[in-house]
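Overview (structure and organization)
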Amino acid sequence: MQKFPYNKDKQQAFHAAQQGYEEAQGLYETIVTDSASYGHQLKHLKNEVNEAYQQIENALEVASDHQRAQLERFQQDLRQMVSEVNQYE
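The structure reproduced in this document is the subject of the present report. (Residues numbered from 1 in each chain as written. Predicted model: local features only at pLDDT ≥ 70, side-chain atom pairs only at ≥ 80, totals over all residues. Heavy atoms only, no water.)

1. Comments concerning the packing of aromatic side chains
The geometry of an aromatic ring pair is captured by the separation of the ring centres together with the interplanar angle, meaning the angle of the planes. One pass over the full model with this rule turns up 2 aromatic pairs. Aromatic pair Tyr 21 and Phe 74: ring centres 4.3 Å apart, planes at 15°, arrangement stacked. Of this pair, Tyr 21 sits in helix α1 (residues 6-30) while Phe 74 is found in helix α3 (residues 65-88), placing the two residues 53 residues apart along the sequence. As far as the burial class goes, Tyr 21 and Phe 74 line up, both buried. An aromatic cluster is built from Phe 14, Tyr 21 and Phe 74, whose rings are joined through pairwise contacts. (Phe/Tyr/Trp six-rings, centres within 6.5 Å; stacked < 30°, edge-to-face > 60°. Helix = DSSP H or I, 4+ residues; strand = E, 2+ residues; numbered from the N terminus. Buried < 20%, exposed > 50% of the residue type's maximum accessible area, 1.4 Å probe, protein only.)

2. Digging into helix α2 (residues 38-60)
Here α2 contains 23 residues, and its C-alpha end-to-end distance of 32 Å stays within 8% of the 33 Å for a straight helix at 1.5 Å per residue. Looking at α2, one finds that the buried residues are Tyr 38, Leu 42, Leu 45, Glu 48, Val 49, Ala 52, Ile 56, Ala 59 and Leu 60. (Expected span 1.5 Å × (residues − 1).)

3. Quick word on the nonpolar core
Within the largest apolar cluster, 20 residues are counted, with the highest numbers of intra-cluster contacts made by Ile 56, Leu 71, Phe 74 and Leu 78. Of all elements in the fold, only α1, α2 and α3 reach the threshold of two or more residues within this core. Among the elements that make up this core, the one with the highest residue count is α2 (8 residues). Setting aside residues up to four positions removed in sequence, Phe 74 forms contacts with Phe 14, Ala 17, Gln 18, Tyr 21 and Ile 56. (Core = buried A, V, L, I, M, F, W, Y, C linked by side-chain atoms within 4.5 Å. Contact = heavy atoms within 4.5 Å.)

Fair warning: the whole summary comes from geometry, so function is off the table for now.
Take a look at the structure:
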């Protein structure tokens, strides 16, 4: 099995984190607080946010300075999402 060059690992980790963040953000934007399925939507969102956090943490281990700054913004945005959703619970 051939190993990827270090930069490719960095890039792959960053893209996985970015995709996880974007999926969580997409769910957050479509959640309907007064919907009958809100509980299900919220559970799905929490799972996506937790997965995104994990992907970001993994990417931070190998990130370049530029990637690190972006990943930290992703984390900040996710914390804001969680904070706003918690206001409705």
